[in-house]
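Fold and geometry: a report
If you want the building blocks of each chain, they are given just below.
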Amino acid sequence: MKTVIIDGQYPAIQDFLQKAEMQEVEVVGTFTDGWKAMEFVQKNQVELVVLEIQPGEKDGFFLAKHLQMLYPDILLIFITETEKYAMEALRLHAVSYILRPYVKEELPFAIESAFLLSKRRKKKIFIKTFGHFDIFVNDCPIMFHSAKAKELLALLVDRQGGTVNTDQIICTLWEERPNDEATQSLCCKVVKNLQKELTKYGAEEILIADRGIRRVDRSVFTCDLYEMLNGNEKARKRFLGEYMLDYSWAEERMGQLNRLFYEKI
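First, a word on what this report is: a plain description of the structure on this page. All values derive from a computational prediction rather than experimental measurement.

Moving on: the nonpolar core. Membership of the largest hydrophobic core comes to 45 residues, with the highest contact counts inside it found for L153 and I206. Contributions of two or more residues to this core are made by β6 (125-128), β7 (134-137), α6 (147-158), α7 (166-173), α8 (181-200), α9 (224-229) and α11 (251-263). Counting residues per element, this core draws most heavily on α6, which supplies seven residues. Contacts of I206, omitting those with residues within four sequence positions, involve I125, I135, L153, L198, R215, V216, D217, V220 and F221. By size, the runner-up hydrophobic cluster in this structure holds 22 residues, among which are A37, L51, A64 and F78.

Below is the structure:
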């Protein structure tokens, strides 16, 4: 569970990191400035925010409200030295409100509660590659406005989490166009369209993009292709000899799947 810690006391951050060790938490950022933390959350996937509330100060709650307004699914754990703000934390549906000094069992229990809640909230994302390519979020298909954005996602899924750079995308999606500045600009636009489409349906974590390199995060979705390649017999039986029918570049993979299908008969 990707976690950010916001605490005005650096030793307190260190204390948290030590006590949270071996729990279901991956600390991706530690901050003493709440608004710098906000900038980080806006650019990175964060599931849990552990936030210190100083006695006599309400800046932490203002920040927490702002975070929840922008990211309704984000989970909050408050750490403070006073019971004064417990009711406000309750209104924000905080996972836990921990008073310092806390006993050693409190922190693991709060993190475990956040982890279980996160698992229940997580969207179910399924990517179908057999026949026509489609992606479903909680059993509802994503209706792509950009056909090229959908094709780009299909290409990344076909690469099974491997990285694809701009030149490789252009070579596959626009094989007739020159790889010039105009085509590279078009490619960047398609990537942004894909990010926008996925975000609209709450599936933005699928796509990982950094400095011209794109890939999918296989851990956040299930896919019939991956299941079949991993030896799943039910997935193999669902394969009827057709794979990503709308894309000519997918024919090589379809041949591989057909060979795999008949080898198992």
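Right, let's get into the side chain of E205. In this fold, E205 is placed in the loop between α8 and β10 (207-210). Residue class for E205 comes out buried when judged on its relative accessible area of 18%.

Here we come to the side chain of E47. For E47, the location among the structural elements is in the loop between α2 (34-43) and β3 (48-53). One polar contact links the side chain of E47 to the main-chain amide nitrogen of K2, over a distance of 2.8 Å.

Moving on, we get to the pairing of strand β11 (residues 213-216). Judged by which residues are buried, β11 turns out to be one-sided: R214 and V216 face inward and are buried, whereas I213 and R215, on the alternate face, are not. By the bridge criterion, two bridges tie strand β9 (residues 164-165) to β11 in an arrangement that is antiparallel. Opposite N165, over in β11, you have I213 as the bridge partner. Two elements, β10 and β11, share four bridges in a ladder whose sense is antiparallel. Looking across to β11, one finds that A209 is bridged to R214. Joining the antiparallel neighbours β10 and β11 is a turn of two residues, in which R211 adopts a positive phi near 50°.

The next subject is unusual backbone geometry. Cis geometry marks the peptide bond from R100 to P101; its omega dihedral reads -10°. Relative to the assigned elements, P101 resides in the loop between β5 (96-99) and α5 (106-121). Of note, the phi angle at H93 is positive, near 55°, even though the residue is not glycine. With respect to the helices and strands, the residue H93 is situated in the loop between α4 (86-91) and β5. Of the residues examined, H93 reaches a relative accessible area of 65% and is grouped as exposed. Here the phi dihedral of M244 falls at roughly 40°; this positive angle occurs in a residue that is not glycine. Within the secondary structure, M244 sits in the loop between α10 (233-238) and α11.

Cut-off values and rules
As a convention, each chain's residues are numbered from 1 in the sequence order in which they are written. Selection of residues for local features in this predicted model requires a pLDDT of at least 70, selection of side-chain atom pairs for listing and counting requires 80 or more, and totals for whole chains, interfaces and linings are taken over all residues. Computation of side-chain values covers all heavy atoms of the structure but excludes hydrogens and water. Here, nonpolar core means buried Ala, Val, Leu, Ile, Met, Phe, Trp, Tyr and Cys residues that are tied together by side-chain atoms lying within 4.5 Å of each other. Burial here depends on accessible area, computed with a 1.4 Å probe over protein chains only, as a share of the maximum for the residue type. Under 20% is buried, over 50% is exposed, and the range in between is partly exposed. Helix and strand assignments come from DSSP, with helices taken as H or I runs of at least 4 residues and strands as E runs of at least 2, each series counted from the N terminus. We call two residues in contact whenever any of their non-hydrogen atoms come within 4.5 Å of each other. Any pair of N or O atoms that falls within 3.5 Å is considered a polar contact. Within protein, one atom must be able to donate a hydrogen and the other to accept it, and sequence-neighbouring residues count only if both atoms are side-chain atoms. The rule for pairing is simple: two strands pair if DSSP sees at least two bridges between them.

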